[in-house]
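# What the coordinates show
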Amino acid sequence: MSDSAVTDPEGREELTVPRPVTARSGRRLLHRMRRIRRPHRPRLWFEILLIAVSYWTYSLIRNAVPEQRAEALRNADWVWNLEHRLGVAVEQSVNHTVNAVNWLIIGMNYYYATLHFVITLGVLVWLYRWHPGRYAAARLVLFATTGVALVGYYLFPLAPPRLMHGGRFVDTVMIHHTWGSMASGDLKHMSNQYAAMPSMHIGWSLWCGLTVCALASVPWVRLLGLLYPVTTLVVIVATANHFWLDAVGGGLCLAFGFTVARLWYGGLPHSLPRLVPAPAGSGSGQFPSA
């Protein structure tokens, strides 16, 4: 914004007045905002760096939240009593029933410890490769979902059922000596054990399932997408890592994530164009179709 001088009839300069922001400046700013929000082809090196830094930050913040063990145990009792009043407190029965089948519960322990990361990264890679125009919006959903979950960990520390006093739940990881779990051995000291609400196993698996169901072209793949969060729900309950209500919290966080993406991009990820022009000089106009 520049200044202009006001001159009186005798030629004397009296005052310097700032010029108002022009309409052109406003249009230029609006154009820049639209460019940022427009679906574009992601850069691989940037995405790898962004995801790595984001997950490191998420883990750092999640584990930096004070464990607040006493409050987390009180909240667990409150949730358990609430579920009894609602008539949905079946976690203990599921936990004991599945634990009686040795191979099944061990498989669920490893499912809980690994697929949470593997499937989510796999869906991100699939989006990047085959749906570049939708990738950034879908990634924003995931990031916003995870970000708001951190608020939940801070405001409502919650012990998982397996750590409740007198809850008579089986800690399946400890009983069956599951290798590599963040809830066992020395690794449990690297992870906040009282950050059960909301469940990001559910938040992330729902994101994966809905994304695959909405965008996959093969019917059986869409079906697998829907089965994945359902199976995850059974696993988090059977292993006594979460209450049913933790899953509800994860679903609400995902709804927040979709809302953020819709406000920013003007639509949900699946409604955006699948392909986008490649940058000039890249040698290809679009990603190959699938």
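Everything that follows concerns the structure shown earlier in this document.
Residues numbered from 1 in each chain as written. Predicted model: local features only at pLDDT ≥ 70, side-chain atom pairs only at ≥ 80, totals over all residues. Heavy atoms only, no water.

## Quick look at the pattern of salt bridges
Counted according to the given criterion, the structure contains 1 salt bridge. One salt bridge in this structure joins Arg162 and Asp171, with 3.5 Å as the shortest N-O distance. In this pair, the class of Arg162 matches that of Asp171, namely buried. (Salt bridge = Lys/Arg side-chain N within 4 Å of Asp/Glu carboxyl O. Buried < 20%, exposed > 50% of the residue type's maximum accessible area, 1.4 Å probe, protein only.)

## Things to note about the packing of aromatic side chains
Across all of its chains, the model carries 5 aromatic pairs by this definition. With 6.4 Å between their ring centres and 75° between their planes, Trp78 and Phe156 make a pair best called edge-to-face. You can see Trp78 sitting in helix α3 (residues 69-86) and its partner Phe156 sitting in the loop between α6 (132-155) and α7 (172-175), a full 78 residues away along the chain. Ring geometry for Trp80 against Phe169: centres 5.3 Å apart, planes inclined by 65°, an arrangement best described as edge-to-face. Here Phe169 lies in the loop between α6 and α7 and Trp80 lies in helix α3, a separation of 89 residues in the sequence. The burial state of Trp80 is the same as that of Phe169; both residues are buried. One aromatic cluster in this structure is built from Trp80, Phe169 and Phe243. Just above the ring of Trp130 sits the side chain of Arg129; from NZ or CZ to the centre is 4.5 Å. (Phe/Tyr/Trp six-rings, centres within 6.5 Å; stacked < 30°, edge-to-face > 60°. Helix = DSSP H or I, 4+ residues; strand = E, 2+ residues; numbered from the N terminus. Lys NZ or Arg CZ within 6 Å of the ring centre and 35° of its normal.)

## Considering the nonpolar core
Ranked by size, the top nonpolar core spans 35 residues in total, and within it Met108, Val123, Leu127, Tyr153, Met200, Trp207 and Ile236 carry the most contacts. When contributions to this core are tallied by element, the ones reaching two or more residues are α5 (102-130), α6, α8 (200-215), α9 (219-238) and α10 (244-265). Sort the elements by how many residues they give to this core and α5 lands first, with 8 residues. Once residues lying within four places of it in the same chain are set aside, the contact partners of Met108 are Val98, Val234, Val235, Ala238 and Thr239. Residues Trp80, Tyr194, Ala196 and Ala240 belong to the second largest nonpolar core, which totals 15 residues. (Core = buried A, V, L, I, M, F, W, Y, C linked by side-chain atoms within 4.5 Å. Contact = heavy atoms within 4.5 Å.)

## Description of α3
Along its 18 residues, α3 runs 26 Å from first to last C-alpha, staying within 8% of the 26 Å computed at 1.5 Å per residue. Among the structural elements, α4 (91-99) and α10 are those in contact with the buried residues of α3. A positive backbone phi angle near 75° is found at Gly87, which sits one or two residues after α3. (Expected span 1.5 Å × (residues − 1).)

## As for the packing of α8 against α9
Axis separation between α8 and α9 bottoms out at 7 Å; the angle between their running directions is 170°. Taken together, the axis directions place α8 and α9 in an arrangement best described as roughly antiparallel. Crossing geometry of α8 relative to α9 is assigned as left-handed. Contacts between α8 and α9 pair His201, Ile202, Ser205, Leu206, Cys208, Gly209, Val212 and Cys213 from the former with Val221, Arg222, Gly225, Leu226, Tyr228, Pro229, Thr232, Leu233 and Ile236 from the latter. Class assignment for the residues of the contact of α8 with α9 results in 11 nonpolar, 5 polar and 1 charged. (Axes fitted to C-alpha atoms, helices over the stretch in contact; angles between N-to-C directions. Parallel < 35°, antiparallel > 145°, perpendicular 65-115°, else oblique. Left-handed = near helix turned anticlockwise from the far one by under 90°. Nonpolar A, V, L, I, M, F, W, Y, C, P; charged D, E, K, R; others polar.)

Don't take any of this as a statement about function, it's just geometry.
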